[in-house]
Each structure stands twice: as C-alpha cells, then as structure tokens.
Amino acid sequence: MKNLNYLNYFFVGMPLFLYLISAINIAFLCFAMLSTILTGIFQVTIGIKMLMDKPQDKNLQIYIISVVLFFFSVIMIYKFELYDFLNFTVFGIPPIIAIYLSIIIYKKQKS
C-alpha cells in the first residue's frame, strides 16, 4: 500500500509539476493537460481494484459512485447542450474526486 501511495502522489503531482514548468515553456501546458488523462485512468483503475478487494468499504463505494455520476453528468451536458454554467461547475469535480481517493489511499496505508 505504501508503494501505491507514492505512485498516486506521482500521478497526481505530475500535471501540477508540468503546469508549473509551462511558465518557462508553454509547450508543457499541453503535456500537463494530457497527463491529467493518465491520472484519471490510474485513479479509476486503482479505485475499481480496491473496491473489488474490499466491496463493503463505504468510502470506496462513494468514490466509484461519484466517478460514475461525473461521467453521467458530462454525457448529459453534451446530450442536452447545457454548455453554459454547468460546464464550469462539472469540471471542478475531478480534482475533488482525485483528492478523495488520495485520502482513502493515505488512510489505508497508515492503518
């Protein structure tokens, strides 16, 4: 679990690090945005794996439900063309979900 925690720190910190480097060279901004995709894939995969190992864990159930609701809301925004206000509020949710899984992993590593 300790290695998983460090790997999670790497994947969560990589977009931030590349974003900070983009102040020097703007090309890194594109890499920062693309690395968020890798972070999402890593976190969803780890979340699903952890839930399969412990299906009764309420925190992991909340995490998976929030991920599913996020993707469902993005699809609904696209389908019903609600691009105005909802677009900006929905795209603030992935960092909150990433922090939530990071806290879950950190607590599991400590126990």
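Residues numbered from 1 in each chain as written. Predicted model: local features only at pLDDT ≥ 70, side-chain atom pairs only at ≥ 80, totals over all residues. Heavy atoms only, no water.

Engineer: A description of the layout of surface pockets should follow, citing residues and the corresponding values.
Structural biologist: Estimates place the volume of the largest pocket at around 550 Å³. Taken together, 18 residues make up the lining of the largest pocket; nearest its centre are Thr 36, Gly 40, Pro 94, Pro 95 and Ala 98. Listing elements by their share of the lining of the largest pocket, those giving two or more residues are α1 (2-21), α2 (27-53), α3 (58-80) and α5 (93-110). By residue class, the composition of the lining of the largest pocket is 14 nonpolar, four polar and no charged. (1 Å grid on protein atoms, 1.4 Å probe; cavity = no way out; pocket = protein on both sides within 12 Å on 5 of 7 lines; lining within 4 Å. Points joined across faces, edges and corners; volume = space filled by probe spheres on them. Helix = DSSP H or I, 4+ residues; strand = E, 2+ residues; numbered from the N terminus. Nonpolar A, V, L, I, M, F, W, Y, C, P; charged D, E, K, R; others polar.)

Engineer: I'd like to hear about α3, residue by residue, with values.
Structural biologist: With 23 residues, α3 should cover 33 Å at 1.5 Å per step; its first-to-last C-alpha distance of 32 Å lies within 8% of that length. Buried residues of α3: Leu 60, Tyr 63, Ile 64, Val 67, Phe 70 and Ile 77, and no others. Of the residues flanking the start of α3, the one acting as N-cap is Asp 57, its side-chain oxygen 3.2 Å from the backbone nitrogen of Asn 59. Two residues or fewer after α3 comes Glu 81, characterised by a positive phi angle close to 55 degrees. (Expected span 1.5 Å × (residues − 1). Buried < 20%, exposed > 50% of the residue type's maximum accessible area, 1.4 Å probe, protein only. Polar contact = N/O pair within 3.5 Å; in protein donor to acceptor, adjacent residues only side chain to side chain.)

Engineer: How would you sum up the pattern of salt bridges? Please name residues and give values.
Structural biologist: For the structure on display, the rule yields two salt bridges. The salt bridge partner of Lys 49 is Asp 53, with a shortest N-O separation of 3.0 Å. Here the residue Lys 49 and the residue Asp 53 both occupy positions in helix α2, the gap between them amounting to four residues, near one helical turn. With a relative accessible area of 44%, Lys 49 lands in the partly exposed category. Assessed through its relative accessible area of 52%, Asp 53 is described here as exposed. A salt bridge links Lys 108 to Asp 57; the nearest nitrogen and oxygen atoms lie 2.6 Å apart. Here Lys 108, found in helix α5, pairs with Asp 57, found in the loop between α2 and α3; they are 51 residues apart in sequence, far enough to count as distant. (Salt bridge = Lys/Arg side-chain N within 4 Å of Asp/Glu carboxyl O.)

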